[in-house]
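These are the residues of each chain, in order.
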Amino acid sequence: MAALVWRGVRHLLKRADFSRVPRRHRHKKKWASTEPKFPATRLALQNFDMTYSVQFGDLWPSIRVSLLSEQKYGALVNNFAACDHVSDELEQLHARDFVNKAHSHGELSGQVAAPSPASWVCSPNLRCFTFTRGDVSRFPPARVGGLGVMDYYLMDAASLLPVLALGLQPGDTVLDLCAAPGGKTLALLQTGCCRNLAANDLSTSRTGRLQKVLHSYLPQEIRDKSRVRVTSLDGRKWGELEGDTYDRVLVDVPCTTDRHSLHEEENNIFQRSRKKERQMLPMLQVQLLAAGLLATKPGGHVVYSTCSLSHLQNEYVVQGAIELLANQYSIKVQVEDLTHFRKLFMDTFSFFSSCQVGELVVPNLTANFGPMYFCKMCRLT
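Residues numbered from 1 in each chain as written. Predicted model: local features only at pLDDT ≥ 70, side-chain atom pairs only at ≥ 80, totals over all residues. Heavy atoms only, no water.

Caption draft 1: The overall build of the chain, seen in detail. Of regular secondary structure, the chain possesses 16 helices and 12 strands. Counting every position in the chain, which comprises 381 residues, the buried fraction comes to 48%. Within the chain, counting contacts between residues at least 6 apart in sequence, those at least 24 apart form 76% of the total. About 19,400 Å² of surface is accessible on the chain, with carbon and sulfur atoms providing 54% of the total. (Helix = DSSP H or I, 4+ residues; strand = E, 2+ residues; numbered from the N terminus. Buried < 20%, exposed > 50% of the residue type's maximum accessible area, 1.4 Å probe, protein only. Contact = heavy atoms within 4.5 Å. Areas by Shrake-Rupley, 256 points an atom, 1.4 Å probe, with all protein chains shown as cover.)

Caption draft 2: Summary view of the pairing of strand β6 (residues 194-200). Most of β6 sits inside the fold, with five of its seven residues counted as buried. As defined by bridge partners, strand β5 (residues 172-176) adjoins β6 across five bridges and the pair is classed as parallel. Pairing of L175 across the sheet is with A198, part of β6. Running through helix α8 (residues 183-190), the crossover from β5 to the neighbouring parallel element β6 is right-handed. (Pairing = 2+ DSSP bridges. Right-handed = clockwise from strand over helix to strand, strands pointing away.)

Caption draft 3: The environment of S216, seen in detail. Checked against the element boundaries, S216 lands in helix α9 (residues 204-217). Among the residues examined, S216 registers a relative accessible area of 31% and is labelled partly exposed. Remark: the alpha-carbon pair of S216 and G148, spanning 68 residues in sequence, is separated by 8.4 Å.

Caption draft 4: Spatial organisation of the nonpolar core. Counting 50 residues, the largest nonpolar core has F98, L161, L164, F345, F349 and F374 as its most contacted members. Looking at this core, the elements that each hand over two or more residues are α6 (98-109), β4 (152-155), α7 (161-166), α8, β6, α9, α16 (339-344) and β12 (372-379). Among the elements that take part in this core, α7 stands out by supplying five residues, more than any other. Excluding anything up to four places from it in sequence, L164 contacts F98, V99, V121, C122, S123, L126, F341 and F345. Counting residues in each nonpolar core, the second largest holds 48 residues, with F56, A198, L294 and F352 among its members. (Core = buried A, V, L, I, M, F, W, Y, C linked by side-chain atoms within 4.5 Å.)

Caption draft 5: A look at unusual backbone geometry. The amide bond that connects A180 to the next residue, P181, takes the cis arrangement and shows omega of 10°. Structurally, P181 is set in the loop between β5 and α8. P371 follows G370 through a cis peptide bond whose omega is 10°. Inspection of the secondary structure puts P371 in the loop between β11 (359-361) and β12. The backbone phi angle of H94 is positive, close to 70°, even though this residue is not glycine. Summarising the element assignment, H94 is placed in the loop between α5 (83-92) and β2 (96-97). Given a relative accessible area of 57%, H94 falls into the exposed group. Even without being a glycine, T257 presents a positive backbone phi close to 40°.

Caption draft 6: Highlighting α9. The terminal C-alpha atoms of α9, which comprises 14 residues, lie 20 Å apart, in line with the 20 Å expected from a rise of 1.5 Å per residue. Residues of α9 that are buried sit in contact with β4, α8, β6, α10 (220-224) and β7 (228-231). (Expected span 1.5 Å × (residues − 1).)

Caption draft 7: Region of the structure containing the pattern of salt bridges. Tallied over the entire structure, the rule returns 13 salt bridges. Between D49 and R64 there is a salt bridge, with its nearest N and O atoms 2.8 Å apart. With D49 in helix α3 (residues 40-56) and R64 in helix α4 (residues 60-67), the pair connects residues that are 15 residues apart, well separated along the chain. Looking at D49, the relative accessible area reads 26%, which means it is partly exposed. (Salt bridge = Lys/Arg side-chain N within 4 Å of Asp/Glu carboxyl O.)

Caption draft 8: Expanded view of the sheet that holds strand β3 (residues 128-130). If you walk across this open sheet you meet the four strands as β2-β3-β1-β4, and the pairing is antiparallel. Looking at the sheet topology across the chains shown, the edges are occupied by β2 and β4.

Caption draft 9: Just the side chain of S159, in detail. Tracing the backbone shows S159 in the loop between β4 and α7. Leave out the neighbours within four places in its chain, and S159 touches K184 and M372.

Okay, here's the thing in structure tokens:
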């Protein structure tokens, strides 16, 4: 019986005319390169389990389940829209402006003393609504309002903290060194403090997304005043291009984007083909932060931020950049104490209490924002 089957197979193979198959359609699968064993999201989780279980100890299981759960968002009110009407609508959803709430609570409890140190000053005019702890309600998608611009911008509310910490003052010249996709750039503009804002990102496709955000949220007369300059340059060279220029600099660097890496295969830095890029991240981050500090005027302020939990990308990068500037440029940089900042916003976010420098928002099931690390520095010389 087996012999008959084999003869039948041979007969079919003889009849098949493989020469008619175009050469471009003939290929041999390369299993190692085209079909990896595990998806990038799984590789990311394995990496996090190995590193963060050591870094966070008993806290890691709760952070882990929060990272894998649905993220909470905040609604940043667009001050160029009918903002009071928008705020009323958001309040009707039982959301609350966490920025105003924190300031009111701080004043009542005596946390905000007058006069307060410069590092205590928050960037003004920002309104961002969130649902209370434990409330997993969602905001409806933003829509175009009566003034022709979008009413609000949905973002991880923790992403607003670096902008608040930057402490913008009216008339400041501001640099957003790694600006795309545009949420923090938009928040900087909402303060009304930017005399000029340079928004840069190396990726032209990402700056395209940034331009779309600005077009959707800013009136044409604001865009036409050339207050915003969008560029696609190598941020590592900014210290050479415009040294000692800016009052305030935001350095929101490329990182492992921990939450994205656990949920999305597209553009995931844990893809096998991007292993070397991932390993080089801390060096790139140090170079970008050093460039941001060099672009700052003496006496100016820089905020460094990531959406990663990794201390190798957070505290160690800050310390490495400060040492680099001291050794190679004889420039002294001082880290600002943000303990007051943590106390001010602890009702909305869960903070990790053991950061060596800066502050870290860790995901928590009742307040599932972040991760978001931010550290404020002052260039002294």
